Amino acid sequence: MSTIADRRRVVLETARAVVTHEAEGVAASAADLDDVFLTIVQRVYECTGKVFVTGAGTSGAIARRMAHLLSVSGTPSMFIHGADALHGTMGAMAAGDILIAISRGGGSQEINDLVQRARERGVDTVIALTADRDSALARGSDLVVVMTMLPGIDPGEVIAMGSTLVTAAWGDALAVVLMRMRGYSWSRVLHSHPSGAVGRIEHAPEELPALPPFWE
């Protein structure tokens, strides 16, 4: 019979294995930052309309996070709820806008319906973040990022855990690159974030090195 010490050890080993595997999954996804990513950077940088981000379920939580962090970093963006959009919210979409749609499997019906109708409304570019290049979402989008997902990154390949971290890291990379290309200063970041611990920062950090546009 195992001792309490043995059971404690097994629980900690299990938990640490989850964190380690998720970290490996995020690191592996760095290879997803390729020429498609560069095209997306240019499209978003040059966007004169609105940038929407959508997703359902856990992907919706990541979409909300991505829109928030893009906005904090100097790329005005907003989360649009896939289901609510089908009840009229998509009326905010128009020509010149960009829609980033997140779905690991690419088969979420409400997201695919939104993508189709966004295109019909004249949205300039639909960007899909998915692990299935043959999915309905991928087929309905202008640009497709096929996310690398290590086997087991999600428990049972069912519960969206590690896969959402992979997608979140991709969004973080986009936000930071655009921030540096725009020369978006820390003073502007702090001005839009006056509450919480960030709002109490008295001296702005050293500015990030600028990144010049790569298409000029």
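Residues numbered from 1 in each chain as written. Predicted model: local features only at pLDDT ≥ 70, side-chain atom pairs only at ≥ 80, totals over all residues. Heavy atoms only, no water.

Caption draft 1: Expanded view of the pairing of strand β3 (residues 98–102). Along β3, 5 of the 5 residues are buried, which leaves the element largely enclosed by surrounding structure. Burial of the side chains of β3 extends over both faces: Ile98, Ile100 and Ile102 are buried on one face and Leu99 and Ala101 on the other. Relative to strand β4 (residues 125–130), β3 runs parallel, the two being bridged by 5 bridges. When the sheet's bridge partners are listed, Ile98 is paired in β4 with Thr125. Of the crossover connections in this fold, the one passing from β3 over helix α5 (residues 109–120) to the parallel β4 is right-handed. (Buried < 20%, exposed > 50% of the residue type's maximum accessible area, 1.4 Å probe, protein only. Helix = DSSP H or I, 4+ residues; strand = E, 2+ residues; numbered from the N terminus. Pairing = 2+ DSSP bridges. Right-handed = clockwise from strand over helix to strand, strands pointing away.)

Caption draft 2: The environment of Gly96, seen in detail. Of note, Gly96 is situated in the loop between α4 (82–85) and β3. Overall, Gly96 belongs to the partly exposed group, its relative accessible area being 23%. Distance in space between the C-alpha atoms of Gly96 and Gly106 is 24 Å, their sequence separation being 10 residues. Each residue touching Gly96, except ones within four places of it in the same chain, is listed here: Cys47, Thr48, Gly49, Lys50, Gly122 and Asp124. (Contact = heavy atoms within 4.5 Å.)

Caption draft 3: Molecular detail of the nonpolar core. Ranked by size, the top nonpolar core spans 29 residues in total, and within it Ile40, Val53, Met66, Ile100, Leu129, Trp170 and Leu174 carry the most contacts. At the level of elements, α2 (35–46), β1 (51–55), α3 (58–72), β3, β4, β5 (143–146) and α7 (162–182) are the ones that each hand at least two residues to this core. With 7 residues, α7 is the single largest residue contributor to this core. If we ignore the near neighbours within four places in the chain, the residues touching Ile100 are Val51, Phe52, Val53, Thr54, Met66, Ile127, Leu129 and Leu174. Met93, Ile111, Leu114 and Ala128 belong to the second-largest nonpolar core, a separate cluster that totals 15 residues. (Core = buried A, V, L, I, M, F, W, Y, C linked by side-chain atoms within 4.5 Å.)

Caption draft 4: Molecular detail of the packing of aromatic side chains. Under the criterion given, the structure shown has 3 aromatic pairs. Where Phe37 meets Trp170, the ring centres are 5.8 Å apart and the plane angle is 85°; that geometry is what we call edge-to-face. On the criterion of sequence distance, the pair formed by Phe37 in helix α2 and Trp170 in helix α7 is long-range, its members being 133 residues apart. The exposure class of Phe37 is buried, given its relative accessible area of 7%. On the accessibility criterion, Trp170 (2% relative accessible area) is buried. Pairing Phe214 with Trp215 gives two aromatic rings, centres 4.8 Å apart and planes at 90°, and the pair type is edge-to-face. Taking relative accessible area as the criterion, Trp215 reaches 23% and is therefore assigned partly exposed. Taken together, the ring pairs in this structure connect Tyr45, Phe214 and Trp215 into an aromatic cluster. (Phe/Tyr/Trp six-rings, centres within 6.5 Å; stacked < 30°, edge-to-face > 60°.)

Caption draft 5: View of the layout of surface pockets. Looking at the largest pocket, its volume works out to about 210 Å³. Considering the residues around the largest pocket, the lining is formed by 14 residues, among which Val72, Ser73, Met179, Trp186 and Val189 are closest to the centre. For the lining of the largest pocket, the secondary structure elements donating two or more residues are α3, α7 and α8 (186–191). Counting residues per element, the lining of the largest pocket draws most heavily on α7, at 4 residues. The residue makeup of the lining of the largest pocket, split by class, is 11 nonpolar, 2 polar and 1 charged. Surrounding the second largest pocket, 17 residues form its lining, Ala56, Ser59, Ile102, Ser103 and Arg104 being those nearest its centre. Going through the elements one at a time, α3, β4 and α7 are the ones with two or more residues in the lining of the second largest pocket. At 3 residues, the largest contribution of residues to the lining of the second largest pocket is made by α7. Considered class by class, the residues forming the lining of the second largest pocket number 7 nonpolar, 9 polar and 1 charged. (1 Å grid on protein atoms, 1.4 Å probe; cavity = no way out; pocket = protein on both sides within 12 Å on 5 of 7 lines; lining within 4 Å. Points joined across faces, edges and corners; volume = space filled by probe spheres on them. Nonpolar A, V, L, I, M, F, W, Y, C, P; charged D, E, K, R; others polar.)

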